[in-house]
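# Descriptive structure summary
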Amino acid sequence: MALRDSTDFWPRAIIHVDMNAFFASVEQRDFPELRGKPIAVTNGEQGATIITCSYEARAFGIHTGMRLKEARTLCPDVIQRPARPKVYAHISTAIMASLCEVSPDIEVFSVDEAFLDVTRCQSLHGTPERMGRMVVDQVQAASSLPCSVGVSGDKCTAKFAANLVKPNGFIVIPPREARARLEHEPVTALSGVAQGIGGYLAAHGAHTCGDVARLPVSVLARRFGNMGRHIWLMCRGEDPDKVSADAAAPKSLGHGKVLPPGACEREVLLTYFLHMSEKVGARLRRHDLAARRFFIGLRAAQGWIGGTFSLAQPGNEARAIYRLCCAMLRQVWQAQPVFQVQVTALAPEPAGQRDLFSETDQKQQAVEHVMDQVNRRYGEFALAPARLLQRSAMPNVIAPSWQPDGHRQSI
Amino acid sequence: MSEGLSGLLPWHSAQWDALVARRHAAALPHALLLSGPEGLGKKQFARAFSQALLCAAPGADGQACQRCPACVMFNADTHPDYQRIAPKEEGKAIGIDQVRELIAWIVLKSHAAGYKIALVAPAGRMTMEAANALLKTLEEPPDHSLLMLITDRPALLPATVRSRCQKMTFTAPGHDMAAAWLRRQLGDDAQSAGPLLALAGGAPLRALRYAREGVLDQRARLFNDMLRLARGEADPVALAAVWDDFDLRQIVHMLSNWVADMVRLQTAAQAPLTNPDLRTGLAALAGACPGKRLYAYLDQLSETARLLDKPLNARLLLEDLLIAWPAAR
Amino acid sequence: MKLILTRDILLRPLQLVSGVVERKQTLPILSNILVAVEKDNMTVTATDLEVELIVTVPLDKPSETGKATLPARKLLDICRALPDGAAVELSVEKERGVLRSGKGRFALATLPAAEFPALEQLQPEAEFTVPQAQLRRQLERTQFAMAQQDVRYYLNGMLIELKPERMITVATDGHRMALCDTQARHPCKQDKQVILPRKGVLELQRVLQEQEGEVTVQITGNHARFVVGAVTLTSKLIDGRFPDYQRVLPRMDDKVIEAAREPLRQALVRTSVLSNEKFRSVHMQFKPGELHLHTHNPEQEEAEEDIAIDYQGEPIEVGFNANYLLDALNAISQEKVRIYLTDSNSSAQIEGVETDGCKYVVMPMRL
């Protein structure tokens, strides 16, 4: 056992790893002709919004969320690439699995970000800095992709640190130095501090983390409750948030799709909703999950319309989910133009217990079971309701918190 | 309760007769949506009809006898076959838990082997989840149950809920009937009935509430302050501090009325006004600012009204309104 | 109203009814009890609008008739704290309930008795008696399978079905079902079904303490009333239709297994320790002469156990929630049980080998 030198041993040691411009980097890795060029990844060929872009593109001021049109005015040579979600998912899974070699306490934060709690690995692997280097090597070995790695004593500072050294950087902020390093940083530079809170703090003359850290904690707690207390601790480099490595069932499971411009025909929306219902249902069934509550939404100019709709019994049948979508259209959609559909199963739970008086159609369940088996073998929607023949080739929306399918099982 | 504040109000008779007739024909709906502006006594109507339905010996006009054991319990709010749900706190929503409790109650058979009646007021305050939970009961209501949904903004209810209810609309009574009733309630203060009714959009109960809250005095003071603001004698931020404790909804309502009157005055000096008693002051204000600014201010007022349901800082909204007062120099 | 009695005679009815006194206090009068004195007896009534309990107490001292509602909790706490055998005088003076005992005087707030939502006399459509022990057994054997807060609200209670010469109780949460069929003398010529809500069932179980004696059952369109000695319990009924329970009973001609109950129960208890905490699923492989149990959980722990059974049919594998099987095995008191299976997707029926009218049906889990 390595010696526990009191100066080297950190009370908490957290590593944050962030894949730089992940999707764009994968494209540049796989297609050498793209290297060194400004790349914008969009949802399929028709995607108008940039999901992510390479650092070369960022140099022109292009950023995630920008419309492609706008990007072209900044840089006419920007190269559009359709996203390849399956490839990204595969790579992400491989990276996350390789990181388990460093510490089993890993929180896959999103498809391209993870936190590792290495506190308990210090006697095994050595200093946190050394383990940070291990993370860089693991990512390199698993994917040959660039990443930024921040090592510190809490999640917030580690993430903040990794942000400082993009792209392809490595940085260590020992916990005892964290507060001093954050002292002059704007509060809004910390992840999770929204503009609204920042505005409130600014009104109290607190612009930097140092300012906030000097405010009495009660000021924040009174105004923002527990969140206020949390922010105060974050500003002191003492973010109490734990790296949650539990392999619990996903909190939600959903699919969304961008609609063609000006979509406001009921029939079109129904096709899209059926498509999403089939996808969500199939995915629930694949993981032996069922849900009672579903978010059914349409994105309109003023924001999301729709809401939470419930089944009488937890279910995973596409038909049942689709019926909720129909109810949502009847109830809240007033023919306004919409850009995106979303169907999300909220709080899915293990399915499997059969019901004596199941109102769901046994035949329908059998049909979906066969469909699942065929589709697993021949690919998604090899067998599908006829209506989906009209489904669009519009690509799936990749949510920011999107996580590769089933990564938890493989880790 | 004072005379006139329980039981039936004079302008309810058409709706009342219609429901009583349906009751006699054994053709009562399972769900009723009572809608109409605030201050017409919709809740009172629903209560009176509920009591009549539970009463053992209703009179010839269909009204409750007030004497039978059922009426005694009803008046003590202990009748087991009558339930009402409302937001737990002022301004909050009616949550799904409340609706679930209501459903758990309504799926049990009745206590007195008669009707079981539930009131949801204001129904528009139900969250989407709560409304969805209620939907199933609206679709398959138990026998001998009556759900009464009350709202002054039916558009806030999902279409699926609305479509499963029989609608009953309440409109403001004629001015004479409203004024006569209000004068009786006001007693000594009968002469303020006119301005109160005008302020309340003709809704008598709302006018009566205004009288109790001293809204006319507030209105006079606010108008005076707005005149001072226009003359540059008052500071908007200081004024906002003074008016901070008052109901912002009320202030927005009064300002909207005044600006609408100012627009009218710009069109025709002799135009009929909602606030005829303030004609001189309003004319002076109207003369001092361009029509465009009045319209823009009306937009701001309706936007503010929309934001009132949101958890925003009321003081800031008020400051914005006072700073933008179009008549200000 | 005025009455004189000893502390112990007053305390017992207060304790009996305190269970239904509303704690939430949505209606203030529901935290009160109604005390009524008529001729030579006193009744104490409590209700939560779903279940009403009335206890009748004979009075041997002269009393004045009358009614009042008194705060249940406070009255109970005072009585409890009085010495055993103390004489108590309870009366209503100027709308206050006054309790005198020894040198103590306690004046309690009252609410008008006419506002108390007590039930009137019922006009029963069916009235009959059953032995207390029999009714208690029927509730015990089935009650655990009732649903709790299910959206299928008619499952949140117990079906009581009257068929010629029979009374059947059925409870189910959709995943499993318990049924108990016994002989009963009742006047119903036609089949009659009522659903007693969960709360009514649990309160009835509390009331059925004695082995001896009969229960008078009265059923009306809206209520079921049970008179047990001095206690009258009335529960509202659920307004709904219970699902057709006959339809979900397995065919019982296919795969029949017999096993000793206790070894099976213990093996299930042991193996289920390492089952998924939420699922509680246990895989059961029935082979001629042997049952193989297997569980595992997300932590990759697993348990296996073989026990001897009496079975000659085709091998079959079924998954069950161990808790549902254990509930059934706990409710059966016989040494040997019989299990009927059809296939791994259909319900299984469990019962004691000697016919006693009780059956348990469990739906499997997907393997």
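These numbers come from a predicted model, not from an experiment.

Rules used throughout
- Residues numbered from 1 in each chain as written.
- Chains lettered and ligands numbered in written order.
- Predicted model: local features only at pLDDT ≥ 70, side-chain atom pairs only at ≥ 80, totals over all residues.
- Helix = DSSP H or I, 4+ residues; strand = E, 2+ residues; numbered from the N terminus.
- Buried ≥ 20, exposed ≤ 12 C-beta atoms within 10 Å, placed from the backbone.
- Contact = placed C-beta atoms within 7 Å.
- Pairing = 2+ DSSP bridges.
- Axes fitted to C-alpha atoms, helices over the stretch in contact; angles between N-to-C directions.
- Core = buried A, V, L, I, M, F, W, Y, C linked by C-beta atoms within 7 Å.
- Nonpolar A, V, L, I, M, F, W, Y, C, P; charged D, E, K, R; others polar.
- Expected span 1.5 Å × (residues − 1).
- pLDDT = per-residue confidence, 0-100.
- Parallel < 35°, antiparallel > 145°, perpendicular 65-115°, else oblique.
- Left-handed = near helix turned anticlockwise from the far one by under 90°.
- Arc of directions from axis to C-beta.

Counting its regular elements, chain A contains 15 helices and 13 strands. The burial tally for chain A puts 38% of its 411 residues in the buried class. Partitioning the contacts of chain A with sequence separation of at least 6, the portion at a separation of at least 24 is 65%.

All names here are of chain A. Taken in spatial order, the five strands of this open sheet run β5-β6-β1-β7-β8, and their pairing is mixed. The two strands at the open ends of the sheet, each matched to only one other strand, are β5 (106-110) and β8 (170-172). The average undirected angle you get between the axes of adjacent strands in this sheet is 15°. By the bridge criterion, six bridges tie strand β1 (residues 14-19) to strand β7 (residues 147-152) in an arrangement that is antiparallel.

All right, on to the nonpolar core then. In summary, soluble globular proteins display a tendency toward joint burial of nonpolar side chains. Counting 168 residues, the largest nonpolar core has Val120 and Met148 of chain B together with Val17 and Val362 of chain C as its most contacted members. For this core, the leading source of residues is helix α2 (residues 42-54) of chain B, giving seven residues. If you look at the next biggest cluster of nonpolar residues, it comprises 65 residues, including Tyr88, Val111, Val212 and Ile231 of chain A.

At the junction of the two partners, chain A supplies eight residues and chain B supplies six residues. Classifying every residue of the side of chain A that touches chain B gives three nonpolar, four polar and one charged.

Looking now at helix α1 (residues 13-24) of chain B. Given 3.6 residues per turn, any residue in an α-helix points the same way as the ones three and four places further on. Taking 1.5 Å per residue, twelve residues should reach 16 Å; α1 of chain B reaches 16 Å between its end C-alpha atoms and fits that length. Among the twelve residues of α1 of chain B, one are classified as buried, and the element is accordingly described as predominantly exposed.

This part covers the confidence of the model for chain C. Of all residues in chain C, 99% have pLDDT values of 70 or greater, and the mean over the chain is 92. Under the prediction, the complex receives an ipTM of 0.87, its pTM being 0.70.

On to the interface of chain C and chain B, then. Each side of the interface is counted separately: chain C has 17 residues, and chain B has 16 residues. By residue class, the composition of the side of chain C that touches chain B is ten nonpolar, three polar and four charged.

Time to look at the packing of helix α12 (residues 248-267) of chain B against helix α15 (residues 314-323) of chain B. Residues and elements named next belong to chain B. Running from amino to carboxyl end, α12 crosses α15 at an angle of 15°, the nearest separation of the two axes being 11 Å. In terms of axis orientation, α12 runs roughly parallel to α15. α15 is crossed by α12, and the crossing has left-handed handedness. Where α12 abuts α15, its residues Leu248, Ile251 and Leu255 lie against Ala314, Leu317, Leu318 and Leu321.

Residue and element names in this part refer to chain B. For helix α7 (residues 175-186), with twelve residues, the first-to-last C-alpha span of 16 Å sits near the 16 Å given by 1.5 Å per residue. Taken together, the buried positions of α7 are Ala178, Trp181 and Leu182. For α7, the angular spread of the buried residues around the axis is 95°, confining them to a single face. The exposed set on the far side of α7, more than 90 degrees from its buried face, consists of Asp176 and Arg184. Among the structural elements, α8 (193-199) and α9 (204-213) are those in contact with the buried residues of α7.

What follows concerns the sheet that holds strand β15 (residues 223-228) of chain C. Residue and element names in this part refer to chain C. Across the sheet, eight strands lie side by side as β5-β2-β3-β4-β16-β15-β14-β9; this open sheet has antiparallel pairing. Two strands bound the open sheet, and with one partner strand each, they are β5 (66-71) and β9 (126-131). Across the sheet, the mean angle separating the axes of adjacent strands is 20° when strand polarity is ignored. With seven bridges joining them, strand β3 (residues 41-47) and strand β4 (residues 51-58) adopt antiparallel strand pairing. Bridging across to β4, threonine 47 finds its partner in glutamate 52. Contacts between helix α3 (residues 132-142) and the sheet are confined to β9, β14 (214-219) and β15, with β9 contributing the most and set at about 90° to the helix. Set on the sheet, helix α4 (residues 198-207) makes contact with β4, β15 and β16 (231-236); between it and β16 the angle comes to about 170°.

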